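# Architecture and fold: a report
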Amino acid sequence: MNAQGTPPPGGPANPYATGHEVALDQGHVAGTGGVPDRFENPGLPPHVYRAADVDKKSAKRAERQVVALFLVSVISSFAFLAIYFTLPQNKYVFIPFFGHLNIQHTLFGLCLGLSLLGIGLGAVHWAKTLMPDTESIEERHSLASSPQTRRELVETLHEGAADAQIKRRPLIKMAGGAALGLFAIPPLVQVVGALGPLGKTGQLRETFWQPGMRLMRDPENTPIRASDLSLGSVMHVLPEHINEPLEKLPEKYAPKGGPYHNDQELHILDRKAKAAVLVMRLKEEDFKVAKVREWGYQGIVAYNKICTHAGCPVGLYEQQTHHLLCPCHQSTFDVTMDCEVIFGPAKRPLPQLKITVDDEGYLIAEQGFTVPVGPSHWTKY
Ligand code: FES
């Protein structure tokens, strides 16, 4: 047939004809243009009863299977919580093809997966074996239902709920409810734990900086006196002890939850990446926000170097305008305004490190960072 619907010369009347079309041509079509008025109702195939419909023992067995599946979910949720509160965050295991995997995170994934799988399989098995399986027919009618139909619908729904036997099978109801209820808790604990102010938490704010740590020139690793910084100067700085392996760290500076990496070198790199700070000296009267002045020392202020957009190092300081620039996507931070973003895609100011001087006149951190450094979810140092 060509584009106009004409059969090709010498070919069959309709080269694409199927049995169905032939049947229509032979009498099931009425009206004009070959459009069928109606199709014959093919009816429903005979209903096949499931084992649980006709055999009480099968129904009981199916019920036990559903409960077992929901219990898998419950146990997995509890296992998640146990892992969260007992396993250290910083242990890794090497698995061929996957490389080094964080044990805690891997187990989290397994538990959450099993928990969800238990709920899913339990619900599907319940629906397939025990929920009503009868075919219902509803004749078509105009779209707006009459009040009578709506009343009937409500009654049907009530009947359906009764047929679903939820009341008659309280064990499933309880196990399913427990599985669904508990499934929400592990992610909640994880999120609140990571972001909130509780014990294992506040991790996003943590870097290597701790109160009393000296600011050290990088890469010389020498302490800095306030007088070493002239007006307009900028210096790249890291915390004291940053290059020391864990066993040599003074007790008070040892990481609370252990190192983030088993690998010492990686651990030190990780520390450095998050703790890098830029120190600048401005005239005190240039600061437009009192907090910047108060958290600094005689016009010397320290800001985290990691861009809050995507984590590039903010490296360019414009002495005249007191702007810090990120070379990656040109986010610009105004130092006089507490490093507020004045241009570019970054959404948060750079975090300020509160500094002062020690008895010997060296610059020290008065406290660690009080807000998360970097773009979003850096891990613990
Ligand atoms: S990473 Fe700094 S602007 Fe994108």
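Note that the structure is a prediction, hence the values are computed from the model and not measured.

## A look at the sheet that holds strand 10 (residues 340-343)
Across the sheet, which stays open at both edges, the four strands sit in the order 7-8-9-10 with antiparallel pairing between neighbours. Each edge of the open sheet is held by one strand with a lone partner, namely strand 7 (316-318) and strand 10. For this sheet the average axis-to-axis angle between neighbouring strands, irrespective of direction, equals 30 degrees. Sheet topology places strand 9 (residues 332-334) next to strand 10; three bridges connect them, and they run antiparallel. Across the sheet, the residue bridging to Phe333 is Val341, located in strand 10.

## As for the pairing of strand 4 (residues 234-239)
In terms of strand pairing, strand 3 (residues 215-217) meets strand 4 through three bridges, oriented antiparallel. Bridging from a neighbouring strand, Arg217 pairs with Val237 of strand 4. Sheet topology note: the strand 4/strand 5 (residues 277-281) ladder contains four bridges and is antiparallel. What sits directly across from Val234, in strand 5, is Met280.

## Notes on the nonpolar core
Judged by nonpolar contacts, the single largest core of 26 residues is most densely connected at Trp209, Leu215, Val237, Val277, Val279, Leu353 and Leu363. Secondary structure elements with two or more residues in this core: strand 4, strand 5, strand 6 (300-304) and strand 13 (363-365). The element contributing the most residues to this core is strand 4, with three residues. The residues contacting Val237, other than those within four sequence positions of it, are Trp209, Leu215, Met216, Ile224, Ala275, Ala276, Val277 and Val279. The next biggest cluster of nonpolar side chains, apart from the first, holds 18 residues, and it includes Met280, Val301, Phe333 and Cys339.

## A word on unusual backbone geometry
Look at the link from Asp218 to Pro219: it is a cis peptide, with omega at 10 degrees. Note on placement: Pro219 falls in the loop between strand 3 and strand 4. Positive phi outside glycine occurs at His241, with the angle close to 70 degrees. Tracing the sequence through the fold places His241 in the loop between strand 4 and helix 8 (264-275). Within the chain, His322 stands out as a residue other than glycine whose phi angle is a positive 60 degrees. Looking at the secondary structure, you find His322 in the loop between strand 7 and strand 8 (323-325). For His322, a relative accessible area of 15% corresponds to the buried category.

## Remarks on the environment of Cys307
Relative to the helices and strands, Cys307 resides in the loop between strand 6 and strand 7. A C-alpha to C-alpha distance of 8.4 Å links Cys307 and Val373, two positions 66 residues apart in sequence.

## With respect to a nonpolar patch on the surface
A grouping of Val72, Leu114, Leu117 and Leu121 is seen on the molecular surface, where their side chains present a nonpolar patch of about 330 Å² in accessible area. Take the nonpolar patch: its biggest share by element is three residues, from helix 4 (residues 103-129). With respect to the secondary-structure elements, Leu121 resides in helix 4. Judged by its relative accessible area of 43%, Leu121 falls in the partly exposed class.

## Some details on the packing of aromatic side chains
Inspection of every chain in the model, using the stated rule, returns four aromatic pairs. Ring geometry for Phe70 versus Trp126: centroids 6.5 Å apart, planes at 85 degrees, classification edge-to-face. Separated by 56 residues along the polypeptide, Phe70 in helix 3 (residues 56-86) and Trp126 in helix 4 bring together distant segments of the chain. Given the relative accessible area of 14%, Trp126 is considered buried.

Rules behind the numbers
- All chains use their own residue numbering, which begins from 1 and follows the written sequence.
- Per-residue local features of the predicted model are confined to residues with pLDDT of at least 70, and side-chain atom pairs are confined, for both listing and counting, to 80 or more; whole-chain, interface and lining totals are unaffected and use all residues.
- The side-chain figures draw on all heavy atoms in the structure; neither hydrogens nor water molecules are used.
- Criterion used throughout: strands pair if DSSP finds at least two bridges between them.
- Helical segments are the DSSP runs of H or I of at least four residues, strand segments are the runs of E of at least two, and each set is numbered from the N terminus.
- Angles here are taken between N-to-C directions and fall from 0 to 180 degrees, while the axes themselves are lines fitted to C-alpha atoms, restricted in helices to the stretch in contact.
- Residues enter a nonpolar core if they are buried and are Ala, Val, Leu, Ile, Met, Phe, Trp, Tyr or Cys, with the set joined through side-chain atoms within 4.5 Å.
- Summary of the burial criterion: residues with accessible area below 20% of their type's maximum are buried, those above 50% are exposed, and those between are partly exposed, where the area comes from a 1.4 Å probe applied to protein chains only.
- We call two residues contacting when some pair of their heavy atoms lies within 4.5 Å.
- The patches described consist of residues with a relative accessible area above 30% and no salt bridge, like charges being joined within 9 Å and nonpolar side chains (Val, Leu, Ile, Met, Phe, Trp, Tyr) within 5 Å.
- Under the convention used here, a 1.4 Å probe and the Shrake-Rupley method define accessible areas, while residue burial counts only the protein chains that appear.
- Note on definitions: salt bridges are taken to be side-chain nitrogens of Lys or Arg within 4 Å of carboxyl oxygens of Asp or Glu.
- Any two rings among Phe, Tyr and Trp, with Trp reduced to its six-membered ring, count as a pair given centres within 6.5 Å; such a pair is stacked if its planes are under 30 degrees apart, edge-to-face if over 60, and tilted if neither.

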